[in-house]
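A look at the structure
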Amino acid sequence: MSEILLHAEKIDKNFGVTHAIDHVTLDFYKGEIHALIGENGSGKSTFTSCLTGIYHKDSGEFTLNGTEVNARNQVDGNYQGVAIIVQEIGTLSGLSVAENIFLGKEDEFTKCGVKNTNAMNKKAQELLDSYGFNYIKATDLIDNYNFEDRKLIEIVKATHFKPQILVVDETTTALGEKGRIELFKVMKQTRDDGRCVIFISHDLEEVIEQSDTISVLRDGVYIDTVKSADVTPDDLKKLMVGREMSNDYYRTDYGERVSDEVVLRGEHLTVPGEIDDFSIELHKGEIIGIGGLSECGMHEVGKALFGASYDRKGTVTLADGTQINDIKTAIDHSIAYASKDRDNESLVINDTIQDNICLPSLEELKKNHILHAKDQKVFAEKYAKQMSTKMEGVHQFMSALSGGNKQKVVLARWIGKDSDIVILDSPTRGIDVKVKADIYQLMDTMRKNGKSIIMISEEIAELLGMADRIIIMKDGRQSGEFKRAEDLKDTDLIAEMV
Amino acid sequence: MGKTKNSAGLIRTLMPFAGFIFIVGLFAFLTKGRLYTVGNLKLLLSQTYVLLIACVGVFMIMTMGGLDFSQGSMLGLCSVVVCYLSNINIALAVVCGMITGGLIGLINGFFNVKRKITSFIVTICNMYLFRGIVAYATTKTPVYGASNITTYNTLPFALTFTLVILVVAFVIFQYTGLGNRLKAIGAGETAARFAGIRVERTKILVYAAAGMITGLAAFINSIKVGSVTATAGNQLETQIMIALVLGGMPVNGGAKVKFYNIILGALTYKILTAGLVMLGIEPKTQQLIMGIVFLVMVAIFADRETGMIVK
């Protein structure tokens, strides 16, 4: 075993009554990719956030190469040798690519109080070129680039100064195939230089494939560290959950007949720059999976059907002939939508769990035209508990919840509304296996109860496992369609995507 | 951290009440109780109605994360309309006062929502625009109301008038879901839209409603004064904002607003100003003190954790 690079000694952090990480002691070695896994709320992100200066730990000590690391913020952390690529978007709109890469480090290009923008742009372009991203221009506004490219720019931002410790926090779920390959390249480079990557991911197969060592956290407590070569995903699930997980969390039925009754019909849907003449028919009790590369337009299909797209052409019609052109009409006619952008579109993040669950159901909650606070509380509690949301109470603010629990609140809202047509965009994005299994179970139950589901997903296994019918999109158009079948393979779908 | 957060939350909740009691106590002491004689209390109350009513509309706007600086000029113009038409018919005057306010509110809402200009800028522009119109209308002489208009200015009438507005607004805010929707817009506009709230329509209507409510305030203003001069309603907008913030309202709106912010705030503000006047403090010094109080309260109640901004 090589030398210890980073030693974490009894790191402890509380958020109110939640003991997020409980005296975690852990070693990271030179030249390894060290994965941290655990369920939502197990403390992985909190641990790395304490290391990189996003949060401040309550007690404990990080020692990097014999020196204590005590980052006050992310830039300070960078100067002390630790860097992080975060789960959500970590670049700032309105600034140029170069300004984003050197955010907080402008002093490096400042002489006598004057910033040398040219030097900064030049340096940024050199860096981008050296990573092979030469199509990204350092002087461009960051807003000119899509989510994936911005993630790549973030990789450059976090790694160009060769940090001793690079934290990759659930970044891969936001990336498409190309981005992942680039990210893994950078991770391997970091390892081969004798530095260390701390890799957080919910995709256990990816974890085993990419990492050398895996440490498991559960409820903020350190459980075990294993060698990636020695374990299977099932072993890891067992460690994470602390009990045997059944392997079959997808549907197991094949060949069931889907009803002929069409509940939702989208015809010739076009949204400039996103989708181009896309048509779809959803049947009662059917799960349609829509897949493709992240920029293929499939995420816009969900918005288009929900009446949320700007400048949409084409029609969305329900069985009774109702036209869906705006969100209010969609919701009033029993359509639900859970966005991929959970924090901005699905949830009012600066509001309580109760308000978020009740918001679309306020009219139904009225008794004799009067809305009572108590009814809202009872309603929210009922559905939050039905989804087994981990919370202090329904008056807790959303911003305090972990990703998986936020998604549970989103689903609780629509189950409470009892919507018949449910559009789920990336329903299990950034969510651990246990909650994932719950969501699949829920989808299966809903299907059996005659609800219809459109599931838009970047995870091929999920499409194969859950959908009655899979539509693959490419460049805004449908490029392939598959019926549910046991012998359908991921390669069949991928062939239509690229 | 969470525990301190909770206790910080509790302090924030109690702070406006403590502030109110402190101010009441402070001026009881400083004025040796003179402020609270029956006569002075009546006077105090009669000066509070306009502010209290106007606060209701702005409260709704601020809950959505907006601001309204045009309230003072709006009150001025509505008062012109009320006084002018009171010579014909008093009911007509009230209705047209409300319509005037509603139209100004519509203009605010239209530019804010459809032209996508922040409410701060739109309402400041309109503050000047309508102040100009008021000045024009009152150039030669003040606009006088009907000779009998001040006969309405009795304590029972004005108090009932104000209370009815407050109760109706409270019921609508609390028991129809309007409050939930406005708070959701203030806390996260995109998410509110995706939850089925017609954000644009709601915003425009709230601006218009706030204008109509100010039209009602203009009626109370008119029966109190009997006429309108060019300065009618001057600085009402800042008074409203200081009052709401004194009442514990976060300047950026959102989930933490409470309806009682209006009443608590308006009363605290009026006692504070009346107390300062009674102590014989010069107007310029009063402004200085109000400025400091406002700054301190905003600093306490701004919701920095969530990083929201005024739209």
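Rules behind the numbers
- Residues numbered from 1 in each chain as written.
- Chains lettered and ligands numbered in written order.
- Predicted model: local features only at pLDDT ≥ 70, side-chain atom pairs only at ≥ 80, totals over all residues.
- Heavy atoms only, no water.
- Pairing = 2+ DSSP bridges.
- Helix = DSSP H or I, 4+ residues; strand = E, 2+ residues; numbered from the N terminus.
- Axes fitted to C-alpha atoms, helices over the stretch in contact; angles between N-to-C directions.
- Contact = heavy atoms within 4.5 Å.
- Phe/Tyr/Trp six-rings, centres within 6.5 Å; stacked < 30°, edge-to-face > 60°.
- Buried < 20%, exposed > 50% of the residue type's maximum accessible area, 1.4 Å probe, protein only.
- Lys NZ or Arg CZ within 6 Å of the ring centre and 35° of its normal.
- Core = buried A, V, L, I, M, F, W, Y, C linked by side-chain atoms within 4.5 Å.
- Domains from an automatic or database assignment.
- Buried area = accessible area lost by both parts, 1.4 Å probe.
- Salt bridge = Lys/Arg side-chain N within 4 Å of Asp/Glu carboxyl O.
- Polar contact = N/O pair within 3.5 Å; in protein donor to acceptor, adjacent residues only side chain to side chain.
- Nonpolar A, V, L, I, M, F, W, Y, C, P; charged D, E, K, R; others polar.

1. Some points on the sheet that holds strand β18 (residues 421–425) of chain A
Residue and element names in this part refer to chain A. If you trace the six strands from one edge of the open sheet to the other, you get β17-β18-β19-β15-β20-β21, paired in mixed fashion. Both outer strands of the open sheet, β17 (335–338) and β21 (477–483), are each paired with one neighbouring strand and no more. Ignoring strand direction, the axes of neighbouring strands in this sheet form an average angle of 15°. Note that strand β15 (residues 287–292) and strand β20 (residues 469–474) share five bridges and pair parallel. In the strand pairing of β20, Gly289 is matched with Ile470. The strands touched by helix α18 (residues 490–497) are β15, β20 and β21; relative to β20, the strand with the most contacts, the crossing angle is about 30°.

2. Overview of the packing of aromatic side chains
Applying the stated criterion to the full structure yields 24 aromatic pairs over all chains. Seen in terms of ring centroids, Phe69(B) and Phe120(B) are 5.4 Å apart; in terms of plane orientation they differ by 80°. Their pairing is edge-to-face. Pair noted here: Phe69(B) is in the loop between α2 (38–63) and α3 (71–86) and Phe120(B) is in helix α5 (residues 119–137), with a separation of 51 residues, a long-range link. The class for Phe69(B) is buried, based on a relative accessible area of 14%. Connected via pairs of aromatic rings, a cluster forms that spans Phe59(B), Phe170(B), Phe173(B), Tyr175(B) and Phe259(B). In this arrangement the basic side chain of Lys256(B) is found over the ring face of Phe397(A), its NZ or CZ atom lying 5.2 Å from the centre.

3. Re the nonpolar core
Leu264(A), Ile290(A), Phe306(A), Ile454(A) and Leu493(A) are the most contacted members of the largest nonpolar core, which totals 214 residues. Here the element with the most residues in this core is α2(B); it accounts for 14 residues. Domain assignment of the residues forming this core places at least three in each of domain 1 (4–101 + 142–241) and domain 2 (262–497) of chain A. In this view, Ile454(A) contacts Leu264(A), Ile280(A), Leu282(A), Ile288(A), Ile290(A), Leu305(A), Val422(A), Ile423(A) and Leu424(A); residues no more than four positions away in its chain are not counted. Grouped together as the second largest cluster of nonpolar side chains are 23 residues, Ile21(A), Phe62(A), Val82(A) and Val167(A) included.

4. Brief notes about the interface of chain A and chain B
Many authors give the size of an interface as the accessible area that is lost as the parts come together. Of the residues lining the interface, 34 residues belong to chain A; the matching set on chain B comes to 25 residues. Of the roughly 2,300 Å² buried between chain A and chain B on both sides combined, carbon and sulfur atoms contribute 59%. Inspection of the region where chain A meets chain B yields two salt bridges. A salt bridge links Arg198(B) to Asp326(A); the nearest nitrogen and oxygen atoms lie 2.8 Å apart. In this assembly, chain A and chain B are joined by six residue pairs in polar contact (both at pLDDT 80 or more). If one sorts the elements of the side of chain A that touches chain B by residue count, helix α10 (residues 327–332) of chain A sits on top with four residues. For the side of chain A that touches chain B, the per-class residue count stands at 16 nonpolar, eight polar and ten charged.

5. Examining the pattern of salt bridges
All names here are of chain A. This model, assessed by the stated rule, comprises 43 salt bridges over all chains. As a salt-bridge pair, Asp234 and Lys237 come within 3.6 Å of each other at their nearest N and O atoms. Placement of both Asp234 and Lys237 in helix α8 (residues 233–241) is noted, with a separation of three residues, approximately one turn of the helix. In this structure Asp234 comes out as partly exposed when scored by relative accessible area, which is 32%. Look at Lys237 and you get buried, because its relative accessible area is 7%. Here Glu256 makes a salt bridge to Arg447, at a shortest N to O gap of 3.1 Å.

6. Side note on the side chain of Glu206(A)
Looking at the secondary structure, you find Glu206(A) in helix α7 (residues 204–210). Setting aside its immediate chain neighbours within four residues, Glu206(A) contacts Thr172(A), Arg180(A), Phe184(A), Phe199(A) and Ser201(A).

7. Side note on the domain arrangement of chain A
Residues and elements named next belong to chain A. Each assigned domain of chain A is listed here: domain 1 (4–101 + 142–241) and domain 2 (262–497). Placing the centre of domain 1 and that of domain 2 at their C-alpha centroids yields a distance of 30 Å. Contacts between the two partners involve 22 residues from domain 1 and, on the opposite side, 14 residues from domain 2. Across the domain 1/domain 2 interface, buried area totals approximately 1,500 Å², and carbon plus sulfur atoms make up 47% of it. The three residues of domain 1 that bury the most area against domain 2 are Asn40, Thr173 and His202, which together make up 33% of that side's buried surface. At the junction of domain 1 and domain 2, the tally comes to one salt bridge. Ionic pairing is found between Lys390 and Asp219, a salt bridge with its closest N-O pair at 3.4 Å. Between domain 1 and domain 2 we count one residue pair in polar contact (both at pLDDT 80 or more) in total. Going through the elements one at a time, α5 (147–159) and α8 are the ones with two or more residues in the side of domain 1 that touches domain 2.

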